[in-house]
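# An overview of the molecular structure
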Amino acid sequence: MSNSRLNVLTVGANPNLVYYSWKLNKTGDFKIHLLNDEINPDNQIVITKSHGSSSVFNPDVIYSDFSKLSLQTKFDIVFLSSKSLQDISNLSSNLSPFLNANSVILIESTGFVNLEPFLKNCLPSSSSSSIFSILSTLDIRKLDQNQYFINDTALTPEIIIGESNTNNSKYQSTTLSKLISISKIFQSASSNDYKLTIKN
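Now for a description of the structure that goes with this document. These figures come from a predicted structure and were not determined experimentally.

Conventions used here
Residues numbered from 1 in each chain as written. Predicted model: local features only at pLDDT ≥ 70, side-chain atom pairs only at ≥ 80, totals over all residues. Heavy atoms only, no water. Pairing = 2+ DSSP bridges. Helix = DSSP H or I, 4+ residues; strand = E, 2+ residues; numbered from the N terminus. Axes fitted to C-alpha atoms, helices over the stretch in contact; angles between N-to-C directions. Contact = heavy atoms within 4.5 Å. Salt bridge = Lys/Arg side-chain N within 4 Å of Asp/Glu carboxyl O. Buried < 20%, exposed > 50% of the residue type's maximum accessible area, 1.4 Å probe, protein only.

Moving on to the sheet that holds strand β11 (residues 158–162). Spatial strand order, β5-β2-β1-β6-β7-β8-β11-β12: eight strands in an open sheet with mixed pairing. Because the sheet does not close on itself, it has two edges, and the strands there are β5 (61–63) and β12 (195–198). Adjacent strand axes in the sheet meet at a mean angle of 20° when their direction is disregarded. The pairing of strand β6 (residues 75–80) with strand β7 (residues 99–108) spans five bridges and is classified as parallel. Bridging across to β7, I77 finds its partner in V104. Of the strands in this sheet, β1 (6–11), β2 (30–35), β6, β7, β8 (130–136) and β11 touch helix α1 (residues 15–25), which is tilted by about 160° from β2. Packing of helix α2 (residues 85–95) onto the sheet brings it into contact with β1, β6 and β7, and relative to β7 it is tilted by some 155°.

Next comes the structure, spelled out in structure tokens:
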């Protein structure tokens, strides 16, 4: 990895996205941009675990909507969550100008199925971005504005990335290579807080 930090954008208010970006932020390898209208940019984000420890998360930039982003900024990794299929369609049109040729989009799919094929259809046909689902068994909840709670359990949470209805053995080599790269990023940020799996 080069000395310059990769640009990461999280779009949406799903608490899982706060967790993903918080963990990546702790590596120091990424510039974290949060686009979340439920977060107050003037206050710190506090993440508390059920055993009592708390961490402060200070993203590099917090936006309330896409109009605040500079068109000169392109994002290497995007975490995306949505409330509906229509929301995905709207988000994709707003997101497209901020993607580069090698952008990787991870769409939060916990509790949903086949979201990334829909997102692919919503992006311009010229887009070369890689799109994967990300799911998890995390139990993280929003308590209040800028306040999040992680309910630690005896079982280690699992984060799963991949494509819908695809077996590991059927991934194309370039796709599998990107999934492995993303998994290594998450593993470097883990601190044994979770295990990372490429979807079978």
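Attention now goes to the pattern of salt bridges. Pairing between side chains of opposite charge can happen when their charged atoms approach one another. Inspection of every chain in the model, using the stated rule, returns six salt bridges. The salt bridge partner of E163 is K120, with a shortest N-O separation of 3.7 Å. Here E163, found in the loop between β11 and α4 (173–188), pairs with K120, found in helix α3 (residues 115–122); they are 43 residues apart in sequence, far enough to count as distant. Using a relative accessible area of 16% as the deciding quantity, one classes E163 as buried. Judged by its relative accessible area of 39%, K120 falls in the partly exposed class. The structure contains a network of salt bridges with shared partners spanning K23, K49 and D193.

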